[in-house]
Amino acid sequence: FWKSLPLPPATDFVVTFEVNTANITDGVGPNGIYAGGGMLGNAQALALSDDDEDGVWTGEMMLPGTGAGNRNFVFLNSPNDGGDWGSKENLSGQSCADPANWDDRILTLFYSDTTLQFCFGSCETDGSCPAPPQTVDVTFKVDMSQAGNLNGTPYLRGSWNWGAPGDVMTYVGDEVYEVTIPLNPNS
């Protein structure tokens, strides 16, 4: 007499990640968009694609629907390698950020194959993106009189241009250089 036992219910499901990139000011970088971090893995854990070029990047991965400890993840714009966390979206101070886990997103529990929709750098969960904030011009000035022998022109670098040489500053007199750049409010 042989009796088969019922199979245990599935615990892993296909999760489709969709992220709208309309709010990426300088556009998607040459390496594309990735989902990574937390339970997904490194900065290039899941390559997303935008085959129809509508600005919504999509990819899917098999993941546990419940449990699994750290249920965090994040989207990244053009990471150079699996350790390039400088390319991740900035969610700091937003309701969807987990401050205990580098301000990454929290992956909700699910009990079947699931499609999750987001906006890069924002907390929307319907795939829409809010209108980007209006920029404000910010003027940076530096007094180079204490720099010693200045051999060249100073450049300004910050979180808005870490991968670039910087913004060249202009001499305005009395060993003072300045540059004005547009920044998002509260950045």
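In the block above lies the structure referred to throughout.
Here we summarise the structure given alongside this text. On a predicted model such as this, the values are computed, not experimentally measured, just so you know.

Quick word on the overall build of the protein chain
Scanning the protein chain from terminus to terminus reveals zero helices and 12 strands. Compactness check: the protein chain gives a C-alpha radius of gyration of 22 Å against a globular reference of 16 Å for 187 residues, more than 25% above the reference. In terms of overall dimensions, the protein chain has a C-alpha envelope of 95 × 30 × 30 Å along the principal axes. Across the protein chain, contacts joining residues at least 24 apart in sequence account for 65% of those joining residues at least 6 apart. Just so you have it, the protein chain exposes about 11,500 Å², and 51% of that area is on carbon and sulfur atoms.

Here we look at the environment of Asn70
Relative to the helices and strands, Asn70 is located in the loop between β4 (56-64) and β5 (72-77). Residues Asn70 and Glu175, spaced 105 residues apart in sequence, show a C-alpha to C-alpha distance of 52 Å. In contact with Asn70, not counting residues within four places along its chain, are Gly38, Met39 and Asn101.

Comments concerning the sheet that holds β5
In space, the four strands of this open sheet follow the order β3-β2-β5-β6, with antiparallel pairing throughout. Where the open sheet ends on each side, the last strands, each with one partner, are β3 (41-47) and β6 (105-106). Pairing geometry for β5 and β6, over two bridges, is antiparallel. Across the sheet, Asn72 pairs through a bridge with Ile106, a residue of β6.

Description of the environment of Asp84
Structurally, Asp84 can be placed in the loop between β5 and β6. Spatially, the C-alpha atom of Asp84 lies 31 Å from that of Glu178, the residues being 94 residues apart in sequence. Once you skip the residues sitting within four places of it in the chain, Asp84 turns out to touch Ala43, Leu76, Ser78 and Pro79.

Remarks on the state of the cysteines
By definition, a disulfide links the sulfur atoms of two cysteines through a covalent bond. What the rule picks out here adds up to two disulfides. Paired by a disulfide, Cys96 and Cys123 hold their sulfur atoms 2.1 Å apart. Disulfide Cys96 to Cys123: torsion about the S-S bond roughly -75 degrees, handedness left-handed. Taken as a pair, Cys96 in the loop between β5 and β6 and Cys123 in the loop between β7 (114-119) and β8 (136-143) lie far apart in primary sequence, 27 residues in all. By the burial criterion, Cys96 is buried, and Cys123 matches it. Going through the protein chain in sequence order and numbering each bonded cysteine, the pairs you get are 1-3, 2-4.

What counts, and where the lines are drawn
- Residues numbered from 1 in each chain as written.
- Predicted model: local features only at pLDDT ≥ 70, side-chain atom pairs only at ≥ 80, totals over all residues.
- Heavy atoms only, no water.
- Helix = DSSP H or I, 4+ residues; strand = E, 2+ residues; numbered from the N terminus.
- Rg over C-alpha atoms; globule rule 2.2 N^0.38 Å.
- Contact = heavy atoms within 4.5 Å.
- Areas by Shrake-Rupley, 256 points an atom, 1.4 Å probe, with all protein chains shown as cover.
- Pairing = 2+ DSSP bridges.
- Disulfide = S-S within 2.5 Å.
- Buried < 20%, exposed > 50% of the residue type's maximum accessible area, 1.4 Å probe, protein only.

Read these as spatial facts, not as claims about activity.
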